Amino acid sequence: MSSESEHRPLVAILSGAGISTDSGIPDYRGPQGLWRQDPEAEKLVTYDHYMTDPEIRRRSWLMRRDSEALRARPNGAHEAVARLERSGVPVRVITQNVDGLHQLAGLPARKVLELHGTARTVQCTVCDARSDMAGALERVASGDPDPSCEECGGILKSATVMFGQNLDPEVLTDAVAVARACEVFIAVGTSLQVQPAASLAGMAAEGGARLIIVNAEPTPYDELADEVVREPIGTALPALLDRIAAGG
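Cut-offs applied
Residues numbered from 1 in each chain as written. Predicted model: local features only at pLDDT ≥ 70, side-chain atom pairs only at ≥ 80, totals over all residues. Heavy atoms only, no water. Pairing = 2+ DSSP bridges. Helix = DSSP H or I, 4+ residues; strand = E, 2+ residues; numbered from the N terminus. Axes fitted to C-alpha atoms, helices over the stretch in contact; angles between N-to-C directions. Left-handed = near helix turned anticlockwise from the far one by under 90°. Contact = heavy atoms within 4.5 Å. Nonpolar A, V, L, I, M, F, W, Y, C, P; charged D, E, K, R; others polar. Salt bridge = Lys/Arg side-chain N within 4 Å of Asp/Glu carboxyl O. Buried < 20%, exposed > 50% of the residue type's maximum accessible area, 1.4 Å probe, protein only. Expected span 1.5 Å × (residues − 1). Arc of directions from axis to C-beta. Polar contact = N/O pair within 3.5 Å; in protein donor to acceptor, adjacent residues only side chain to side chain.

Regarding the sheet that holds strand β8 (residues 210-214)
Strand order across the open sheet formed by six strands is β3-β2-β1-β7-β8-β9, with parallel pairing between neighbours. Every interior strand has two partners, whereas the edge strands, β3 (112-114) and β9 (227-229), have only one. Put simply, the sheet's adjacent strands are angled 15° from each other on average, direction ignored. Two strands pair when backbone bridges link them, and strand β2 (residues 91-95) and β3 are joined in this way by three bridges, in the parallel orientation.

So, in structure tokens, the structure goes:
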């Protein structure tokens, strides 16, 4: 068998809120999401408000307690990504989501770059100690409305990127490297309007990657794309990834 026939292209997948809606998770952060439409709700995920207002923190913990993201299960689209990786195709996922569903579907954590962090972990804003979100929520359920760090007493927050915070520079650097190295770049369930994540699609296309966009609505990068898919993600993405796994 020739080396050319053995070659498996690096596939980068940028996933946004649309990949998780079939799991029952609404789009909170998008242009039409709850955080943008309701200023009071947006305060719950705005860093300055969170750090300076104990009442905002108490409400935030109740919001986390009631969040669908922690109860959601992977859907067929997440499972298709994990299946592609198991087929032997090199896969890296860059996700704008904080739900952890790619990992729950079986994709190795080391192959997932979480641009906006994860809602499944809490971190201390003072000493950066990290622990499981479930443990913090147990403390809330036991009567502690604003649990503090058990290591140093500092303010705890979810390990997500709040409004007013910068993305983790190391995660972003790795995401840029993947976008530039990949041969296929699939943007799925994302409007490609939020920077710097959206720019990754442009970087991939400029580097010669085949750009495929799977999204219900038009995006600013559609003209650069080799293929634009408007069909529902739950059926369109598995069909696309199975085609890639088969060498198509």
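Topic: the sheet that holds strand β5 (residues 130-132)
A sheet is described by the order of its strands in space; here three strands give the open sequence β5-β4-β6, paired in antiparallel fashion. Looking at which strands have only one partner, the edges of the open sheet turn out to be β5 and β6 (156-160). Each adjacent strand pair in this sheet contributes to an overall mean axis angle of 45°, direction not counted. With three bridges joining them, strand β4 (residues 117-124) and β5 adopt antiparallel strand pairing.

Structural notes on the packing of helix α9 (residues 169-181) against helix α10 (residues 199-206)
Two elements in contact, α9 and α10, have axes whose closest approach is 7 Å; the angle formed by their N-to-C orientations is 35°. Of the two possible hands of crossing, α9 and α10 adopt the one that is right-handed. Contacts between α9 and α10 involve Ala175, Val176, Ala179 and Arg180 from the former and Leu200, Met203 and Ala204 from the latter. Along the lines of polarity and charge, the residues of the contact of α9 with α10 split into six nonpolar, no polar and one charged.

Some points on the pattern of salt bridges
The tally for this structure, following the rule as stated, stands at 10 salt bridges. Arg230 is paired through a salt bridge with Asp222; the nearest N and O atoms lie 2.6 Å apart. Overall, Arg230 belongs to the partly exposed group, its relative accessible area being 35%. By relative accessible area, Asp222 is classed as buried at 16%. In this structure, the salt-bridge partner of Arg243 is Glu227, at a minimum N-O distance of 3.0 Å. One end of the pair, Arg243, is in helix α11 (residues 233-245); the other, Glu227, is in strand β9, and 16 residues separate them in sequence. The exposure class of Glu227 is partly exposed, given its relative accessible area of 22%. Each of Arg139, Asp144 and Glu150 takes part in a single network of salt bridges with overlapping partners.

A closer look at the pairing of β4
Counting buried positions along β4 yields six of eight residues, so the element is predominantly enclosed. Pairing between β4 and β6: five bridges, direction antiparallel. Looking at the pairing, Gln123 lines up with Lys157 of β6. Hairpin connection of β4 to β5: five residues between the antiparallel strands, including Asp128 at a positive phi of 65°.

Considering α9
Under the 1.5 Å per step criterion, the end-to-end length of α9 is 18 Å for 13 residues, consistent within 8% with the ideal 18 Å. Along α9, the positions that sit buried rather than exposed are Val171, Ala175, Val176, Val178 and Ala179. Projected onto a plane normal to the axis of α9, the buried residues spread over an arc of 160° and lie on a single side. Residues Pro169, Glu170, Thr173, Arg180 and Ala181 are exposed on α9 and point more than 90 degrees away from its buried face. In this fold, the buried residues of α9 make contact with β1 (11-15), β2, β3, β7 (184-188) and α10. The N-terminus of α9 is capped by Asp168, whose side-chain oxygen sits 2.8 Å from the backbone nitrogen of Glu170.

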